[in-house]
Amino acid sequence: MVFLIGAVQFVNILDFVMVTPLGPFFVKGLGVEASHIGLLAGSYTAAASVAGFVGSYFLDRFDRRRALGLAMAGLVACTAAGGLSTGLTFLVATRVLAGVFGGPATSLAYAIIADVIPVERRGRALGAVMGAFSVASVVGVPLALQAAQLGGWRLPFFSVAGLGLLVVLGAVLLLPPLRGHLAQGPRARVPLRALLGRREVQLSYTLTATAMAAGFVVIPNFPAYLAQNLGYPVTSLWKVYLFGGVVSFATLRVMGPLVDRLGSFRVGSAGTVLVVACTALLFLHYPRGLPVPLLFMAFMLAMGTRNVAYNTLTSRVPENPVRARFMSLQSAVQHLASASGAFLGSQLLTDLPDGRLGGVGRVAWVSIVLTACVAPLLLLVERRVRRLEAARAAGSGRPRS
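Scoring rules and cut-offs
- Residues numbered from 1 in each chain as written.
- Predicted model: local features only at pLDDT ≥ 70, side-chain atom pairs only at ≥ 80, totals over all residues.
- Heavy atoms only, no water.
- Helix = DSSP H or I, 4+ residues; strand = E, 2+ residues; numbered from the N terminus.
- Buried < 20%, exposed > 50% of the residue type's maximum accessible area, 1.4 Å probe, protein only.
- Contact = heavy atoms within 4.5 Å.
- Core = buried A, V, L, I, M, F, W, Y, C linked by side-chain atoms within 4.5 Å.
- Expected span 1.5 Å × (residues − 1).
- Patch = residues over 30% accessible without salt bridge, like charges linked within 9 Å, V, L, I, M, F, W, Y side chains within 5 Å.
- Areas by Shrake-Rupley, 256 points an atom, 1.4 Å probe, with all protein chains shown as cover.
- Salt bridge = Lys/Arg side-chain N within 4 Å of Asp/Glu carboxyl O.
- Phe/Tyr/Trp six-rings, centres within 6.5 Å; stacked < 30°, edge-to-face > 60°.

**Focus on the overall build of the chain**
For the chain, the helix and strand inventory stands at 16 helices and two strands. Buried positions account for 59% of the 401 residues belonging to the chain. Restricting to contacts in the chain with at least 6 residues of sequence separation, those with at least 24 account for 84%.

Okay, structure coming up:
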């Protein structure tokens, strides 16, 4: 089951992460300005946020397998439509539609893992599923860049859509029905207002928003910054993502079990410190003698460490009957924060007359300040979750706020 959900997540994530690295090809093929590339990531995440909020009202009412299949089928269709784009407006529109389906697909995938994997092994399982991001970086993004060089920027969209169709069919046919959350009936459902009124939920969503906004202020601008400011060859960008993805995959496989043993706060705080250091080195004080792929590998290690810690922690917040609702709302928060970060980054950046990106320092400082807030939020959520789990184990329901 972990493998199947990981395969679904691979397609879902690749559909998202390949778009930004293809930015330089959009500049040439569609006449898109480099400073507007962040809009493509932002439009997807904004739509996914809205879809996550809407999905919170009904996703817990259906078999998770069927709901996941429908969401992924819509994503595949929208990805294929993206390959038919004739300009920035059309491409943004297809990314919006892809986000409408991709957002709920992500929340359903995490809900399935949290439903079937016990807490004491969940870090390992989530690390494996989150490894789909690394595989997408190691295999998917380099192949997408190579395909764009050989057959044009449209080819990656059509290729991912074809692969996605095969993966979705396999997952729908091989996954068992997932209806355990329906066994407790309508009485187990928690009203939306009551769920949002819980302190641990509020803290969890704040943690998610802070971490995602901090990352997406800078992440969509990596390719343009490396090519235009650091002079890194566009034809070699695939190597950066390949090496970074290898490190990220290894990090997630190691850090997942480590989170199970040491806790999310300790592991996530270490990752947070590394993220701050790597961001400062990349964007504020780049050491010219340091190879770009090496520093990007360090950044991916830091991000992977932080992300597996906070995702494992937030998966422990909801109980089974409301897990998809919680995850869907968290997906909405996650994508809204990502969109806000991407849009903010695009507003802070400018295209300078010499072809370089201006405002990079401002973007880096925004990311650093937000990242610094992650560690104390991890501590607050972890303490709250431990109290909640102790109360559930004692059969007393929920602790007082």
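**Digging into the side chain of threonine 210**
With respect to the helices and strands, threonine 210 occurs in helix α9 (residues 199–216). Discounting chain neighbours no more than four positions away, the residues touching threonine 210 are Leu370, Cys373, Val374 and Leu377.

**A look at the nonpolar core**
General note: in soluble globular proteins, nonpolar side chains tend to be found buried as a group. The biggest cluster of nonpolar side chains holds 104 residues, and the ones touching the most others in it are Phe26 and Leu68. Looking at this core, the element that brings in the most residues is helix α5 (residues 88–116), giving 10 residues. Beyond its immediate stretch of four places on either side in the chain, leucine 68 contacts Ile5, Val8, Ala105, Leu108, Ala109, Ile112 and Leu175. In this structure, Met255, Val267, Val308 and Ala309 belong to the second largest nonpolar core, which totals six residues.

**Here's the deal with helix α16 (residues 374–393)**
Relative to the 28 Å expected for 20 residues at 1.5 Å per residue, α16 spans 28 Å between its end C-alpha atoms, a close match to the ideal helical length. Looking at the buried positions of α16, the neighbouring elements they touch are α9, α12 (264–283), α13 (292–315) and α15 (360–372).

**A few points about the side chain of serine 264**
Along the chain, the position of serine 264 falls in helix α12. Assessed through its relative accessible area of 1%, serine 264 is described here as buried. Filtering out sequence-adjacent residues up to four positions away, serine 264 remains in contact with Val259, Ser269, Ala309, Thr312, Leu313, Leu378 and Glu382.

**Topic: a nonpolar patch on the surface**
The grouping of Leu165, Leu169, Leu173 and Leu174 at the surface amounts to a nonpolar patch, some 450 Å² of accessible area in total. In this fold, leucine 165 is placed in helix α7 (residues 154–174).

**A closer look at the packing of aromatic side chains**
A complete count under the given rule lists eight aromatic pairs for this structure. Look at tyrosine 205 and phenylalanine 326: their rings are 5.2 Å apart centre to centre, the planes differ by 25°, and that puts the pair in the stacked class. Of the two residues, tyrosine 205 is situated in helix α9 and phenylalanine 326 in helix α14 (residues 323–348); the sequence distance between them amounts to 121 residues. The exposure class of tyrosine 205 is buried, given its relative accessible area of 9%. The class for phenylalanine 326 is buried, based on a relative accessible area of 0%. Three or more aromatic residues joined by ring pairs make a cluster, and in this case those are Phe222, Tyr225, Phe283, Phe296 and Phe299.

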